[in-house]
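These are the residues of each chain, in order.
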Amino acid sequence: FTAINCCEDEIAFHTFNMFTKVGFYAIVNLFIKLLSEKGYNLTELKDRIFCHKLIMDYCYVALDFEKELERIENLDGPLHEVEMKDGTVLELGKECIVATEVLFNPRLAGMDVDGIMSLFRKKLPDLR
């Protein structure tokens, strides 16, 4: 489980705690799955660690997911190119936003749970 706490101005609201099954593990798994679908073989632990670093360096949450996905898909080349230690060059594209979108839409990773926005909407009435 991943714990989510609401903070404002570096002050945590301890009455606003949520737990979700969607977290960094799901992001890494989806990122590796998307790269595997492009033909990259990322099955070893060192590959998972490398992908973890790539996510931290290159992935982001798009404010408008559909618009950003369309922009990336219409690029002439990859969004980023990254060379692995073995010389393999990974071409990163839509996985840079799809992997993080799993936080909001877990169904992208085949998970039948609420995303964080749904959890917030359900929790907000408790704060009143």
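Data block above holds the structure.
Residues numbered from 1 in each chain as written. Predicted model: local features only at pLDDT ≥ 70, side-chain atom pairs only at ≥ 80, totals over all residues. Heavy atoms only, no water.

A. Representation of the overall build of the protein chain in the model. When helices and strands are tallied, the protein chain shows five helices and four strands. Counted from the first residue to the last, the protein chain has its helices and strands arranged as β-β-α-α-α-β-β-α-α. Relative to its full complement of 128 residues, the protein chain shows a buried share of 36%. The contacts of the protein chain with a sequence gap of at least 6 include a subset with a gap of at least 24, amounting to 54%. Approximately 8500 Å² of the protein chain is accessible, and the part contributed by carbon and sulfur atoms is 53%. (Helix = DSSP H or I, 4+ residues; strand = E, 2+ residues; numbered from the N terminus. Buried < 20%, exposed > 50% of the residue type's maximum accessible area, 1.4 Å probe, protein only. Contact = heavy atoms within 4.5 Å. Areas by Shrake-Rupley, 256 points an atom, 1.4 Å probe, with all protein chains shown as cover.)

B. Up close: the state of the cysteines. Summed over the entire model, instances satisfying the criterion amount to zero disulfides. Free cysteine: Cys 51, not disulfide-bonded; nearest cysteine sulfur from Cys 59 at 9.2 Å. Look at Cys 51 and you get buried, because its relative accessible area is 0%. A disulfide-free cysteine, Cys 96 has its sulfur positioned 4.6 Å from the sulfur of Cys 59, the nearest such atom. (Disulfide = S-S within 2.5 Å.)

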